[in-house]
Amino acid sequence: MKCKLLSIIVLFILLGCANTAPKEIYKSDSLIITKLTDNTYIHTSYLKTESFGKVPCNGLVYKNGSEAIVFDTPTTDLVSKELIAQLKSNFKVTIKAVIVTHSHDDCLGGLNAFHDAEIPSFGNQLTIEFAKEADSTAIPQNSFQNELITKVGDESVVTIFMGEGHTKDNIVGYVPTEKVLFGGCLVKGLNAGKGYIEEANVNEWPTTVQNVKNRFPELQYVVPGHGKPGGIDLLDYTVKLFSNVKQQ
């Protein structure tokens, strides 16, 4: 009887894991949309780089009722138009805002497509300053300094600056109802290398990620800027990766 009960428990656990595993729901040569939880989706596009080759770049979509919010754009305007079209036609939502997590092309390369669609954009004040200094044509329209609360339907999403790491302006987004953290390039995928760190503050990076972990102790899902999603283990891995690295 005990063995039978144990088998049933294991079966339920396995079924639960299967139901929460990320599921690819849209794929083209340039864009992948993956369902993470009931109301969150990862959008993945690609950036061609000299140092790292063709790099998959993640963003996040949170949908609540007839509204949605997007963290980071796909890497180009063309792919951003593809994402916007998918969200409008298949998700049947109004995109309330796009939030950029730092000033690199893997975060705001497709920003002008959102502006053309009259979707307001937001970024850390430093992100806007850095984009202007780089003579970027993609600049967030609205700024904040430390924390931004955005209503999506009847729920709130938190965007917050927790300290320097990958860049001086990197921010993270948190969806409380889904327990999903979009860490962007502040958070590394499991077994990833250090990546591009020329603008990083590697001394502060572990502390910043630990601050994020402390700020959102209830989180269950973590989406990095590059690589597969996971849980708190991604935060722990990132802390460990940079704990013994000294700024040059």
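How each quantity is defined
- Residues numbered from 1 in each chain as written.
- Predicted model: local features only at pLDDT ≥ 70, side-chain atom pairs only at ≥ 80, totals over all residues.
- Heavy atoms only, no water.
- Axes fitted to C-alpha atoms, helices over the stretch in contact; angles between N-to-C directions.
- Helix = DSSP H or I, 4+ residues; strand = E, 2+ residues; numbered from the N terminus.
- Parallel < 35°, antiparallel > 145°, perpendicular 65-115°, else oblique.
- Left-handed = near helix turned anticlockwise from the far one by under 90°.
- Contact = heavy atoms within 4.5 Å.
- Nonpolar A, V, L, I, M, F, W, Y, C, P; charged D, E, K, R; others polar.
- Pairing = 2+ DSSP bridges.
- Buried < 20%, exposed > 50% of the residue type's maximum accessible area, 1.4 Å probe, protein only.
- Arc of directions from axis to C-beta.
- Lys, Arg positive; Asp, Glu negative; His and termini not counted.
- Salt bridge = Lys/Arg side-chain N within 4 Å of Asp/Glu carboxyl O.
- Right-handed = clockwise from strand over helix to strand, strands pointing away.

(A) Representation of the packing of helix 6 (residues 205–215) against helix 7 (residues 232–243). Between helix 6 and helix 7, the shortest axis-to-axis distance is 8 Å and the interhelical angle comes to 160°. If you check the angle between helix 6 and helix 7, you find them roughly antiparallel. In this structure, helix 6 meets helix 7 at a crossing whose hand is left-handed. On the side of helix 6, the interface is formed by Trp205, Pro206, Val209, Gln210 and Lys213, while helix 7 contributes Ile232, Leu235, Asp236, Thr238, Val239, Phe242 and Ser243. Class assignment of the residues belonging to the contact of helix 6 with helix 7 gives a composition of seven nonpolar, three polar and two charged.

(B) Layout of the sheet that holds strand 5 (residues 67–71). Across the sheet, which stays open at both edges, the eight strands sit in the order 1-2-3-4-5-6-7-8 with mixed pairing between neighbours. Only two strands of the sheet have a single partner each, and these edge strands are strand 1 (23–27) and strand 8 (142–144). Each strand of the sheet is rotated relative to its neighbour by a mean of 25°, with strand direction disregarded. With four bridges connecting them, strand 1 and strand 2 (residues 32–35) associate as antiparallel partners. Opposite Lys23, over in strand 2, you have Lys35 as the bridge partner. Across the face of the sheet, helix 5 (residues 125–133) comes into contact with strand 6 (94–100), strand 7 (121–124) and strand 8 while running at roughly 95° to strand 7.

(C) Inspection of helix 5 at higher detail. Within the sequence span of helix 5, burial applies to Thr127, Ile128 and Ala131. Along helix 5, the residues classed as buried sweep out an arc of 100° about the axis, all on the same side. The elements touched by buried residues of helix 5 are strand 6, strand 7 and strand 8. The positive-phi residue at the C-terminal boundary of helix 5 is Asp135, with phi of around 55°.

(D) View of the side chain of Lys63. Residue position: Lys63 is located in strand 4 (residues 53–64). The side chain of Lys63 is buried and forms no salt bridge, while Glu178, the nearest opposite charge, is found at 10 Å. Once you skip the residues sitting within four places of it in the chain, Lys63 turns out to touch Asn39, Tyr41, Ala68, Phe91 and Val93.

(E) View of helix 6. For helix 6, the set of buried residues is Trp205, Pro206, Thr208, Val209 and Val212. Buried residues of helix 6, viewed axially, fall in a sector of 165°; they line one side. Buried residues along helix 6 sit against strand 11 (172–175), strand 12 (180–184) and helix 7.

(F) Representation of the pairing of strand 6 within the structure. Extensive coverage of strand 6 is indicated by the burial of five of its seven residues. Where strand 5 and strand 6 come together, five bridges link them in parallel fashion. Considered in strand 6, the bridge of Ala68 is made with Ile95. Note that the unit made of strand 5, helix 2 (residues 77–89) and strand 6 has a crossover that is right-handed. Pairing of strand 6 with strand 7 involves three bridges; the strand directions are parallel. For Ile99, the partnering residue across the bridge sits in strand 7 and is Phe122.

The values are spatial; any link to function lies outside them.
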